[in-house]
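# Structural overview for review
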Amino acid sequence: MKIYERFSDAEMKRLGLTGNMPKHVGIIMDGNGRWAKSRMLPRSLGHRAGMDALQEIVRVSKSIGIEALTVYAFSTENWLRPEQEVNALFSLLVEYFYKEIDELDANNVRVHILGSLERFSPKLRELMENARERTEKNTGLHFAIALNYGSRDEITRAVRSIVSEGIPESEITEETISSHLYTRCLPHPDPDVIIRTAGEQRLSNFLLWQAAYSEFVFTDTTFPDFTPEVYFECIKQYMHRTRRFGKVLEV
Ligand code: IPE
Ligand code: IPE
Ligand code: MG
């Protein structure tokens, strides 16, 4: 089991990570299939390689002082994939939770699941719920896994619960909506930066509401090849951006 150390100031400087660090990073982990195809391997092995890459990304996120990391692991549209691939993905997830939970917990990581668990097998559900409950009191990195997640589904569910709670129309604010989204469990629900791997430049139903002012960083690297070095380059790109939030910065 590995204990994730915070990098020293000197190490951060050596890595060039001395600017404004994002508090919440979102990653659309894409390109597992293409990674496998280019090696003439089955897609499931691409997903396995993606899981290995993810393990390192979680570790270094803590080392560089990120407060929240949200990764897109399975979308509401991914059910449209062949059953065999969907099953392979879920077996990998079961394995991931079994393997990683002790290490995550030992490193004070708090696990969150964004998405509805109702379509999953009882075994996977139990594992995910256990991971969430077991790490509930941890105070380190918030690690959110978007699973069976779709932003339109999330917003639809939020509207339904606002209506069923009988909140009067005049009291509905942007905050009411935000506080009914899955991301309400995170300290900074809106990601500062969303990174997408494998060259695609779209959100694919990821955090549509929360991305209102996020910066986007796209890299051609597929997710299995998304090493900490590539990750740090993406963070550095973010650090060079000027965020205006609609304002004029100099007059
Ligand atoms: C991302 O890789 C993983 C999931 C969407 C579950 P893909 O499986 O989408 O890989 P490509 O896009 O086909 O290369
Ligand atoms: C987005 O990737 C979903 C995840 C990374 C889990 P997809 O590969 O499913 O997205 P599209 O179909 O290329 O937009
Ligand atoms: Mg894809």
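### Remarks on the overall build of the protein
Regarding its fold elements, the protein presents 8 helices and 6 strands. In the protein, the order of α-helices and β-strands from amino to carboxyl end is α-β-α-α-β-α-β-α-β-α-α-β-β-α. The C-alpha atoms of the protein give a radius of gyration of 18 Å, which matches the 18 Å a tight globule of 251 residues would have. Once the C-alpha set of the protein is aligned to its principal axes, its extents read approximately 55 × 55 × 35 Å. Burial statistics for the protein: of 251 residues in total, 49% are counted as buried. For the protein, the exposed area adds up to about 13100 Å²; of that, 49% sits on carbon and sulfur atoms. Here the protein contributes 32 positively and 36 negatively charged side chains, and the mean placements of these two sets differ by 3 Å.

### Details of a negative patch on the surface
Together, E126, E129, E133 and E136 give the surface a local cluster of negative charge. Residue placement: E133 occurs in helix α5 (residues 122–134).

### Digging into helix α6 (residues 151–164)
Given a rise of 1.5 Å per residue, 14 residues ought to cover 20 Å, and the 20 Å separating the end C-alpha atoms of α6 matches this to within 8%. Where α6 is concerned, the buried positions are S151, E154, A158 and I162. The buried residues of α6 occupy an angular sector of 70 degrees when projected down its axis, which confines them to one face. The outward face of α6, more than 90 degrees from its buried face, is lined by the exposed residues R152, R160, V163 and S164. Contacts from the buried residues of α6 go to β4 (142–149) and α7 (174–178).

### Thoughts on the sheet that holds strand β6 (residues 215–218)
Spatially, β3-β4-β2-β1-β5-β6 is the arrangement adopted by the 6 strands of the open sheet, whose pairing is parallel. With partners counted over all chains shown, the strands left at the sheet margins are β3 (110–114) and β6, one partner each. Sheet twist, expressed as the average angle between the axes of neighbouring strands with direction ignored, equals 20 degrees. Looking at chain direction, strand β1 (residues 24–28) and strand β2 (residues 68–75) are connected through 5 bridges and run parallel. The residue bridging I27 from the neighbouring strand is V71, located in β2.

### Comments concerning the pairing of β1
On a regular strand, each side chain points to the face opposite its neighbour's, so the side chains alternate between the two faces of the sheet. Burial analysis of β1 places 5 of its 5 residues in the buried class, which makes it a mostly covered element. Residues of β1 alternate between two faces, with H24, G26 and I28 on one and V25 and I27 on the opposite face, all of them buried. Where β1 meets strand β5 (residues 193–196), 4 bridges bridge the pair, whose relative direction is parallel. Residue G26 lies in a different strand from β5, and its bridge partner there is I194.

### Comments concerning the side chain of R59
Secondary-structure assignment places R59 in helix α3 (residues 43–63). Look at R59 and you get buried, because its relative accessible area is 12%. There is a polar contact of 2.8 Å between the side chain of R59 and the side chain of E56.

### Considering the site of ligand 1
Residues in contact with ligand 1 amount to 13 residues; listed here are only the nearest, D30, G33, R34, R43 and R81. R81 has a polar side-chain atom sitting 2.7 Å from an oxygen atom of ligand 1. In the complex, 87% of the free accessible area of ligand 1, which totals 380 Å², lies under the protein chains. The set of elements that each furnish at least two residues to the shell around ligand 1 consists of α2 (32–37), α3 and α4 (83–106). Among the elements that line the shell around ligand 1, the one with the most residues is α2, at 3 residues. When the residues that make up the shell around ligand 1 are grouped by side-chain class, the tally is 3 nonpolar, 5 polar and 5 charged.

### Considering the environment of R184
One can find R184 in the loop between α7 and β5. For the pair R184 and L114, spaced 70 residues apart in the sequence, the C-alpha separation amounts to 9.8 Å. Residues in contact with R184, not counting those within four places in the same chain, are S178 and S179. At 3.4 Å, the side chain of R184 and the backbone oxygen of H180 are in polar contact.

### Here we look at the site of ligand 2
What surrounds ligand 2 is the set I28, M29, D30, Y72, A73, F74, S75, N78, R81, R196, R202 and S204. In the model, an oxygen atom of ligand 2 is placed 3.2 Å from a nitrogen or oxygen of the R81 side chain. Looking at side-chain class alone, the shell around ligand 2 contains 5 nonpolar, 3 polar and 4 charged residues.

Here is what the cut-offs are and how they apply
Residues numbered from 1 in each chain as written. Chains lettered and ligands numbered in written order. Predicted model: local features only at pLDDT ≥ 70, side-chain atom pairs only at ≥ 80, totals over all residues. Heavy atoms only, no water. Helix = DSSP H or I, 4+ residues; strand = E, 2+ residues; numbered from the N terminus. Rg over C-alpha atoms; globule rule 2.2 N^0.38 Å. Buried < 20%, exposed > 50% of the residue type's maximum accessible area, 1.4 Å probe, protein only. Areas by Shrake-Rupley, 256 points an atom, 1.4 Å probe, with all protein chains shown as cover. Lys, Arg positive; Asp, Glu negative; His and termini not counted. Charge placed at Lys NZ, Arg CZ, Asp CG, Glu CD. Patch = residues over 30% accessible without salt bridge, like charges linked within 9 Å, V, L, I, M, F, W, Y side chains within 5 Å. Salt bridge = Lys/Arg side-chain N within 4 Å of Asp/Glu carboxyl O. Expected span 1.5 Å × (residues − 1). Arc of directions from axis to C-beta. Contact = heavy atoms within 4.5 Å. Pairing = 2+ DSSP bridges. Axes fitted to C-alpha atoms, helices over the stretch in contact; angles between N-to-C directions. Polar contact = N/O pair within 3.5 Å; in protein donor to acceptor, adjacent residues only side chain to side chain. Near = heavy atom within 4 Å. Nonpolar A, V, L, I, M, F, W, Y, C, P; charged D, E, K, R; others polar.

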